[in-house]
Amino acid sequence: MIMIGIFDSGIGGMTVARAVEQLLPELPLVYYGDIARTPYGSKSAATIINYSLENTEFLLKQGAELIIIACNSASSVATEALRQEFKVPIIEVISPAAAEAVRQSRSGRIGIIGTRATIRSGVYEQTIRELAPDSQVVTQACPLLVPLVEEGWTNRQETKMIIRRYLHPLKDQQIDTLILGCTHYPVLKELIQHRIGRRVSLIDSSIETAKALQRFLAHNPDLIKSTGSSPNHSYFVSDLTDAAQAMARKIFQRPVELRLA
Ligand code: DGL
């Protein structure tokens, strides 16, 4: 079986790893969370590209044969560079989420929340407009949410207040679909849904990316050679912290052994 390499700036990409695990349980996977350098979203494009190149090299050394950039910030600025540098297939998280938002939105009014790097890149708007030129896209950068999730503050009053503050401008825009344009945000899905209202559909980039991987493998069946043995899943991090360990357990709903890379 093809080994899937998944990286993120921290634990957020585990939402993608979890979605892959649920949809394609037979696949071996190796994860790398660059916790020591998180968050990426407030850094320059050049720095995010450098980190993404290093993370991909690490995963390839572990035997990965396909890379998922499980980070919207890195997907929005580093996909091109990774595709130029490495020969393995590279799957990013933006196109699957944008396509699903266009498919689900009836009014064409689509909101996007993400890190500063993702929102500043304009990649979501561009992708959505290519698919549906009449769409109205409203964006909101939410830079404080990644550190709150990395800290495990997923149900605190402070987090609820910050979400309210970030979503306030979107509430007046009559969006019917909101893209969670950061792989950390599925952890805050219920708080976000509660605040934006039940009438707005949330698009979870982690689930859409797992489906994109499934479609890719269906089109490339030669990549799936069954070994019959149970798949190995390894989770590496660049810094081993109690908060990361606790969040990994929360995301996978079981104990997960994090290894220091
Ligand atoms: N999970 C990453 C994303 O999807 C967070 C990026 C960051 O570290 O700021 O954008």
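These numbers were taken from a predicted model, which means no experiment stands behind them.

Would you take a moment to explain the site of the ligand for this structure?
If you check the shell around the ligand, you find 14 residues, and the closest are S9, Y40, G41, N72 and H184. Between Y40 and the ligand, the recorded distance is 2.6 Å, taken from a backbone N or O atom to an oxygen atom. For the ligand, whose unbound accessible area comes to 290 Å², protein coverage reaches 99%. In this structure, the ligand is accommodated by the largest cavity. Each residue belonging to the shell around the ligand can be placed in one class, and the counts come to five nonpolar, eight polar and one charged.

Explanation requested: the sheet that holds strand β7 (residues 177-181) in the structure shown.
Read across the open sheet, the four strands follow the order β6-β5-β7-β8; overall the sheet is parallel. At either end of the open sheet lies a strand with only one pairing partner, and these are β6 (136-141) and β8 (201-204). Each adjacent strand pair in this sheet contributes to an overall mean axis angle of 20°, direction not counted. Sheet topology note: the strand β5 (residues 109-114)/β7 ladder contains five bridges and is parallel. Bridging across to β7, G111 finds its partner in L178.

Would you explain the sheet that holds strand β4 (residues 90-92) in this entry?
Pairing between the strands of a sheet is mediated by backbone hydrogen bonds and can be parallel or antiparallel. Strand order in this open sheet of six strands is β4-β3-β1-β2-β9-β10, and the pairing throughout is parallel. For this open sheet the edge positions go to β4 and β10 (258-260), each flanked by a neighbour on one side alone. Neighbour-to-neighbour, the strand axes of the sheet open up by a mean angle of 25°, direction not taken into account. Bridge count between strand β2 (residues 29-33) and strand β9 (residues 233-237): five bridges; the pairing is parallel. Within β9, the position partnered with V30 by the bridge is S234. Sheet strands touched by helix α1 (residues 14-23): β1 (4-8), β2, β3 (66-69), β9 and β10. Its angle to β2, the strand with the most contacts, is close to 170°.

What should I look at first to understand the packing of aromatic side chains in this one?
We describe a pair of aromatic rings using the distance from one ring centre to the other and the angle between the two ring planes. Under the criterion given, the structure shown has five aromatic pairs. Aromatic side chains F58 and F236 sit 5.2 Å apart centroid to centroid with 80° between the ring planes, which places their arrangement in the edge-to-face category. Here F58 is found in helix α2 (residues 45-61), whereas its partner F236 is found in strand β9, with 178 residues between them in sequence. You'll find F58 and F236 in the same group, each marked buried. Geometrically, the ring pair formed by Y235 and F252 is edge-to-face, given 5.1 Å between the ring centres and 65° between the ring planes.

How should empty space enclosed by the protein be read in this particular structure?
To find leftover empty space, one rolls a probe the size of a water molecule over the atoms. What the rule picks out here adds up to one cavity of 30 Å³ or more. Estimates place the volume of the largest cavity at around 60 Å³. Looking at the largest cavity, it is lined by 13 residues, and the ones nearest its centre are S9, C71, S73, T115 and C182. Class assignment for the residues of the lining of the largest cavity results in five nonpolar, seven polar and one charged.

Definitions and limits used
- Residues numbered from 1 in each chain as written.
- Predicted model: local features only at pLDDT ≥ 70, side-chain atom pairs only at ≥ 80, totals over all residues.
- Heavy atoms only, no water.
- Near = heavy atom within 4 Å.
- Polar contact = N/O pair within 3.5 Å; in protein donor to acceptor, adjacent residues only side chain to side chain.
- Areas by Shrake-Rupley, 256 points an atom, 1.4 Å probe, with all protein chains shown as cover.
- 1 Å grid on protein atoms, 1.4 Å probe; cavity = no way out; pocket = protein on both sides within 12 Å on 5 of 7 lines; lining within 4 Å.
- Sits in = over half its atoms within 2 Å of the grid points.
- Nonpolar A, V, L, I, M, F, W, Y, C, P; charged D, E, K, R; others polar.
- Pairing = 2+ DSSP bridges.
- Helix = DSSP H or I, 4+ residues; strand = E, 2+ residues; numbered from the N terminus.
- Axes fitted to C-alpha atoms, helices over the stretch in contact; angles between N-to-C directions.
- Contact = heavy atoms within 4.5 Å.
- Phe/Tyr/Trp six-rings, centres within 6.5 Å; stacked < 30°, edge-to-face > 60°.
- Buried < 20%, exposed > 50% of the residue type's maximum accessible area, 1.4 Å probe, protein only.
- Points joined across faces, edges and corners; volume = space filled by probe spheres on them.

None of this, on its own, says anything about what the molecule does.
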